[in-house]
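What the coordinates show
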Amino acid sequence: QAIANCNDYLISPIPDRPALTSIMSAEEVANAFVQHYYQSFDQSVDGLAGLFSDQSMLTFEGQQVQGSQNIVQKLKSVGPVKHNVKTTDIQPSSNPNAIVIFVTGAIQIGGDNPLHFCEFFQLVGTGPGQYYVHNCVFRLNYGL
């Protein structure tokens, strides 16, 4: 039971989540997305390809890449990771079909000590209950 269209939002069903039977709130969509995104990232970056489109843009530590294939390649270049999400903030965007999400947490890269990170997403709707990542910005947070 997939939550949304495979090509536009979630590429596989999330276990223990009901099928989309009515329009989900922005918070429900965002929380389901965050759970799915980081679980997929930690298990197989290739599983993220369906969340992005050719118009999607990723800024990763200041480096911009565009398009699903380029984004997946950039994320793969990080190596094996494990995310631990601490906070998720959600707001509607100026576009009624978009949601902005800000995530903070810790990331362990290749078994090294965890580092703090923050990540911003803008999800854009392509139809009822269907979203893709239009914008994503990732930064590691070092001691200031």
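Reference entry: report on the structure contained in this document. What you see is a predicted model; the values in this text were computed from it and never measured. (Residues numbered from 1 in each chain as written. Predicted model: local features only at pLDDT ≥ 70, side-chain atom pairs only at ≥ 80, totals over all residues. Heavy atoms only, no water.)

**Focus on the overall build of the protein**
The cut-off we apply is this: Helix numbering and strand numbering both begin at the N terminus, where a helix is a DSSP run of H or I of at least 4 residues and a strand a DSSP run of E of at least 2. Here, residues are in contact when the closest pair of their heavy atoms is within 4.5 Å. Surface accessibility in these figures is a Shrake-Rupley result with a 1.4 Å probe; residues are shielded only by whichever protein chains are displayed.
The helix and strand tally for the protein stands at two helices and six strands. What you see in the protein, going N to C, is helices and strands ordered as α-β-β-α-β-β-β-β. Within the protein, contacts between residues separated by at least 24 positions form 46% of all contacts whose residues are at least 6 apart in sequence. Approximately 7,700 Å² of the protein is accessible, and the part contributed by carbon and sulfur atoms is 49%.

**Brief notes about the nonpolar core**
The condition that has to hold: By nonpolar core is meant a set of buried Ala, Val, Leu, Ile, Met, Phe, Trp, Tyr and Cys residues that side-chain atoms within 4.5 Å join together. With a 1.4 Å probe rolled over the protein chains alone, any residue whose accessible area is under 20% of its type maximum counts as buried; one over 50% counts as exposed, and the rest are partly exposed.
Judged by nonpolar contacts, the single largest core of 33 residues is most densely connected at F33, Y37, L75, I101 and F121. Every element with two or more residues in this core is listed here: α1 (26-43), β1 (52-60), α2 (68-76), β4 (98-109), β5 (115-127) and β6 (130-141). For this core, the element with the most residues is α1, which contributes eight residues.

**Regarding α2**
Note the following rule: Throughout, the arc means the angular range of directions from the helix axis out to the C-beta atoms.
Burial in α2 covers these residues: S68, I71, V72, K74 and L75. The buried residues of α2 all sit within an arc of 160 degrees when viewed along its axis, so they share a single face. Check the buried side of α2 and you find it contacts α1, β1 and β2 (63-66).

**Topic: the packing of aromatic side chains**
Put simply, the test is: Note on ring pairs: Phe, Tyr and Trp rings are taken, using the six-membered ring of Trp, and paired if centres are within 6.5 Å. Classes follow the plane angle, with under 30 degrees stacked, over 60 edge-to-face and the rest tilted.
Applying the stated criterion across every chain, the model contains nine aromatic pairs. With a centroid separation of 5.5 Å and an interplanar angle of 35 degrees, the aromatic rings of F33 and Y37 are classed as tilted. Remark: Y37 and F33 occur in helix α1; sequence separation between them is four residues, near one turn of the helix. Accessibility expressed as a relative area gives 0% for Y37, which makes it buried. For the pair Y37 and F121, a centre-to-centre distance of 4.9 Å together with 70 degrees between the ring planes defines the contact as edge-to-face.

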